[in-house]
Amino acid sequence: MQEKLNSALVYFFAWLLAFFGALSLQDWVTIIGVGLAIGTFCVNRHYRKKSFKLLQQYPQLGELYEDINS
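Values in this document were obtained by computation on a predicted structure and should not be read as measured data.

Enquirer: Can you help me understand the overall build of the protein chain in this one?
Expert: For the protein chain, the count of helices and strands is three helices and zero strands. Along the protein chain, from the amino end to the carboxyl end, the secondary structure elements read α-α-α. Computed over C-alpha atoms, the radius of gyration of the protein chain comes to 24 Å, more than 25% over the 11 Å expected from 2.2 N^0.38 for 70 residues, which places it beyond the range of a compact globule. If you line up the protein chain on its principal axes, its C-alpha atoms span 70 × 35 × 10 Å. Relative to its full complement of 70 residues, the protein chain shows a buried share of 0%. A total of about 6700 Å² of accessible surface is found on the protein chain, and carbon and sulfur atoms cover 68% of it. Taken together, the 6 basic and 5 acidic charged side chains of the protein chain have centroids lying 11 Å from each other.

In structure tokens form, the structure reads like this:
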């Protein structure tokens, strides 16, 4: 049983290293940049929704919100 586990781990890491080695540094930077852009979009959208819900609950804050964001 130990040999099967050892063999599976060796194959897994071999495939993993082959995958990482197949991409250049420029490819990795592109992938990371796209991931960060998507993450930024999601965080901004979350807080915009939160602000919108807060403004719906408390309409008197609308003027303050406009002053802050202008």
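Enquirer: What is the right way to read the confidence of the model for the protein chain from this model?
Expert: Here the protein chain averages 89 in pLDDT, while 100% of its residues score no lower than 70. The spread of mean pLDDT over the elements of the protein chain runs between helix α3 (residues 62–69), the lowest at 80, and helix α2 (residues 25–57), the highest at 94.

Enquirer: What is the right way to read a nonpolar patch on the surface from this model?
Expert: Together, Leu54, Tyr58, Leu61, Leu64 and Ile68 make up an exposed nonpolar region whose accessible area comes to about 460 Å². Residue placement: Leu64 occurs in helix α3.

Enquirer: Mind showing me how you'd approach the packing of aromatic side chains here?
Expert: The relative placement of two aromatic rings is captured by the distance of their centres and the angle of their planes. Applying the stated rule across the entire model yields four aromatic pairs. Pairing Phe12 with Phe13 gives two aromatic rings, centres 5.3 Å apart and planes at 70 degrees, and the pair type is edge-to-face. A residue is classified by how much of its surface remains accessible, and Phe12, at 47% relative accessible area, is partly exposed. Aromatic pair Phe20 and Trp28: ring centres 5.1 Å apart, planes at 40 degrees, arrangement tilted. Here Phe20 falls in the partly exposed class, since its relative accessible area comes to 40%. Using a relative accessible area of 22% as the deciding quantity, one classes Trp28 as partly exposed.

Enquirer: Any chance you could explain the environment of Ser51 here in plain terms?
Expert: Mapped onto the elements, Ser51 comes out in helix α2. Judged by relative accessible area, which is 23%, Ser51 ranks as partly exposed. For the pair Ser51 and Tyr65, spaced 14 residues apart in sequence, the C-alpha separation works out to 8.9 Å.

Rules of the game
Residues numbered from 1 in each chain as written. Predicted model: local features only at pLDDT ≥ 70, side-chain atom pairs only at ≥ 80, totals over all residues. Heavy atoms only, no water. Helix = DSSP H or I, 4+ residues; strand = E, 2+ residues; numbered from the N terminus. Rg over C-alpha atoms; globule rule 2.2 N^0.38 Å. Buried < 20%, exposed > 50% of the residue type's maximum accessible area, 1.4 Å probe, protein only. Areas by Shrake-Rupley, 256 points an atom, 1.4 Å probe, with all protein chains shown as cover. Lys, Arg positive; Asp, Glu negative; His and termini not counted. Charge placed at Lys NZ, Arg CZ, Asp CG, Glu CD. pLDDT = per-residue confidence, 0-100. Patch = residues over 30% accessible without salt bridge, like charges linked within 9 Å, V, L, I, M, F, W, Y side chains within 5 Å. Salt bridge = Lys/Arg side-chain N within 4 Å of Asp/Glu carboxyl O. Phe/Tyr/Trp six-rings, centres within 6.5 Å; stacked < 30°, edge-to-face > 60°.

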